[in-house]
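Per-entry structural report
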Amino acid sequence: MLSGIQPTSGSFHLGNYLGAVRQWVDLQEANDAFYMVVDLHAITVPQDPATLRENTRISAAQLLGAGLDPERCTLFVQSHVPEHAQLGWVMNCLTGFGEASRMTQFKDKSSKQGAEGTTVGLFTYPILQIADILLYQADAVPVGEDQRQHVELTRDLAERFNSRYAPTFTVPKPYILKETAKIQDLQDPAIKMSKSASSPKGLISLLDEPKASAKKFKSAVTDTGTVVSYDEQEKAGVSNLLRIHSALSGQSIEQLVAHFEGKMYGALKTELAELFTEWVEPFQARTREFLDDPAELDRVLGLGADKARAVASETLATVYDRIGFLPPK
Ligand code: TYM
């Protein structure tokens, strides 16, 4: 297993947690799992240096607060393992300009940045992600729906390398749970919850005051109906709330629809606000503990980087050999 998360926003949002991080926690039990904070990816858009450093620590602390256990998985910071940038370059040289141009995330992000604000790094962002995944010979990549295309490109590149040189890389599959693949904005259920696109009221930031988040759940946009039922087209807002409830409570959508029979949307929102508060308070307390002990956090990340490098350097050495680089004496 391998996956990554950007440290750009400091606080993760509920989409990050339900779409990805929660699965990371589950999957660390029975798998050899590598999870990282992708600071190299973060600098594809401008970052203030002090804020980036701070947000990288906050991100790692949240991952530990969410339940990652350094005894069970390898947690590290991408820039601590130079092999990512090194394999990234090799992959740049195997990826077609046309296929990179088809990446929808690039199209979205670059249209927001404008031609002058768009860096070449943003364009080659998915190719660095390919290197991230292939270095660890990952079988599966737990992510939200918005990352599917990047994992598909990774598969293409792994197959290309394997057939051009020799079998070298495991061809990875996306690991995407249907129910939580796309958590929607609470104010605009037509778009996904995201730091860049959501309005403050539509975004649940995990480190916000729980009372403020509870309020956002209570004022979530639904529709003019009254019956709590699941219909992604006609009742996108209510369906999103039901999916979030189901993920946090462990009850199926069918059970929830039965539970809310005869009740109004307000009941669903109130219950969801309570459920979220119950989960987020201990999450914040654990995160705070790690943030209060930066030496311990750095120690955990140092150990993670060592474990990651041991694997990554082996893969990179094989790749360098296969492509014909002269080994240093
Ligand atoms: P990032 O940092 O944007 O998001 C981290 C994870 O959260 C998921 N996610 C969502 N899931 C459901 N609903 C949402 N509204 C939602 N918003 C975000 C994302 O799908 C992601 O899994 N490119 C990656 C980081 C990355 C990576 C990797 C991932 C770099 N290298 C290697 C996997 C493997 C990204 O920007 O994620």
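Residues numbered from 1 in each chain as written. Predicted model: local features only at pLDDT ≥ 70, side-chain atom pairs only at ≥ 80, totals over all residues. Heavy atoms only, no water.

1. Things to note about the overall build of the chain
Defined as follows: Segments assigned H or I by DSSP are reported as helices when at least four residues long, segments assigned E as strands when at least two residues long, and all are numbered from the N terminus. Put simply, the radius of gyration uses C-alpha atoms, and a globule should come to 2.2 Å times the residue count raised to 0.38. Burial classification: accessible surface area is computed with a 1.4 Å probe over protein chains only, and a residue below 20% of its type maximum counts as buried, one above 50% as exposed, and the rest as partly exposed.
In terms of helices and strands, the chain carries 13 helices and 5 strands. Computed over C-alpha atoms, the radius of gyration of the chain comes to 21 Å, within 12% of the 20 Å expected from 2.2 N^0.38 for 329 residues, which places it in the range of a compact globule. Expressed along its principal axes, the backbone C-alpha trace of the chain runs to roughly 75 × 45 × 40 Å. Counting all 329 residues of the chain, 49% fall into the buried class.

2. Digging into helix H6 (residues 104–117)
Inclusion rule: The angle between axes fitted to the seven residues ending at a residue and the seven residues starting there is what we call the bend at that residue.
The largest bend along H6 measures about 70 degrees and falls at Ser111. Taken together, the buried positions of H6 are occupied by Gln105, Phe106 and Ser110.

3. Quick word on the pairing of strand S3 (residues 73–77)
Counting buried positions along S3 gives 5 out of 5 residues, so the element sits mostly inside the fold. Residues Cys73, Leu75 and Val77 of S3 are buried on one face, and the alternating residues Thr74 and Phe76, pointing to the opposite face, are buried as well.

4. As for the packing of helix H3 (residues 49–66) against helix H12 (residues 265–291)
Rule in force here: Helix axes use the C-alpha atoms of the stretch in contact, all axes being lines fitted to C-alpha atoms, and the angles between their N-to-C directions lie in the range 0 to 180 degrees. For classification, angles of less than 35 degrees are called roughly parallel, those exceeding 145 degrees roughly antiparallel, those between 65 and 115 degrees roughly perpendicular, and all remaining angles oblique. We call a crossing left-handed when the near helix sits turned anticlockwise from the far one by less than a right angle, and right-handed when that turn is clockwise. We call two residues contacting when some pair of their heavy atoms lies within 4.5 Å. Here the term charged refers only to Asp, Glu, Lys and Arg, the term nonpolar to Ala, Val, Leu, Ile, Met, Phe, Trp, Tyr, Cys and Pro, and the term polar to all other amino acids, Gly among them.
Relative orientation of the contacting elements H3 and H12 amounts to 130 degrees, with a least axis distance of 8 Å. Compared by their axis directions, H3 and H12 come out oblique. The chirality of how H3 crosses H12 is right-handed. Residues Arg57, Ile58, Ala61, Gln62, Leu64, Gly65 and Ala66 of H3 lie in contact with H12, whose contacting residues are Phe283, Arg286, Thr287, Phe290 and Leu291. Broken down by class, the residue content of the contact of H3 with H12 amounts to 7 nonpolar, 3 polar and 2 charged.

5. Details of the packing of helix H10 (residues 236–249) against H12
Packed helices, taken two at a time, are described by their axes: the angle between them and the distance between them. In the contact formed by H10 and H12, the axes pass within 10 Å of each other and the chain directions differ by 35 degrees. In the packing of H10 onto H12, the handedness of the crossing is left-handed. Together, Val238, Leu241, Leu242, Ile244, His245, Leu248 and Ser249 of H10 and Tyr265, Leu268, Lys269, Glu271, Leu272, Leu275, Phe276 and Trp279 of H12 make up the contact between the two elements. Among the residues making up the contact of H10 with H12, the classes are represented as 11 nonpolar, 2 polar and 2 charged.

6. Some remarks on the sheet that holds strand S2 (residues 33–37)
As a reminder, the rule being used: Strands are treated as partners if at least two bridges between them are detected by DSSP.
Spatially, the 3 strands line up as an open sheet ordered S1-S2-S3, and their pairing is parallel. At either end of the open sheet lies a strand with only one pairing partner, and these are strand S1 (2–5) and S3. The sheet shows a mean angle of 20 degrees between the axes of neighbouring strands, direction not considered. The pairing of S2 with S3 spans 5 bridges and is parallel. Bridge assignment links Phe34 to a residue of S3, and that residue is Thr74. Running over the sheet, helix H1 (residues 14–27) touches S1 and S2 and is turned about 140 degrees from S1. Along the sheet, helix H13 (residues 294–323) contacts S2 and S3; its crossing angle with S3, the most-contacted strand, is approximately 100 degrees.

7. Considerations on the nonpolar core
This is how it is decided: Remark: nonpolar core denotes a set of buried residues (Ala, Val, Leu, Ile, Met, Phe, Trp, Tyr, Cys) joined through side-chain atoms within 4.5 Å.
Leu14, Tyr35, Leu63 and Phe217 are the most contacted members of the largest nonpolar core, which has 52 residues in total. If we skip the residues at most four places from it in the chain, Leu14 touches Gly19, Met193, Ile204, Leu206, Phe217, Ile244 and Phe276. The next biggest cluster of nonpolar side chains, apart from the first, holds 37 residues, and it includes Leu87, Ile127, Leu134 and Val151.

8. Here we look at the site of the ligand
Short version of the rule: Nearness here has a simple test: a residue counts as near a molecule or strand if at least one of its heavy atoms is within 4 Å of that partner. Under this definition, polar contacts are N or O atom pairs within 3.5 Å; protein pairs additionally need one hydrogen-donor-capable and one acceptor-capable atom, and for neighbouring residues in sequence, both atoms have to be side-chain atoms. Using the Shrake-Rupley algorithm and a 1.4 Å probe, accessible areas are obtained, with residue cover drawn only from the displayed protein chains.
Taken together, 27 residues form the shell around the ligand, and within it Gln6, Tyr125, Asp132, Asp146 and Ile183 come nearest. The contact in question runs from a nitrogen atom of the ligand to an N or O atom on the side chain of Gln147, over 3.0 Å. One of the backbone nitrogen or oxygen atoms of Met193 is found 3.0 Å away from a nitrogen atom of the ligand. Look at the ligand: alone it shows 720 Å² of surface, and the protein chains cover 95% of it. Taken together, the elements giving at least two residues each to the shell around the ligand come down to S1, H1 and helix H7 (120–135). Considering only residue class, the shell around the ligand consists of 11 nonpolar, 12 polar and 4 charged.

Remember, this is a structural readout, not a statement about activity or role.
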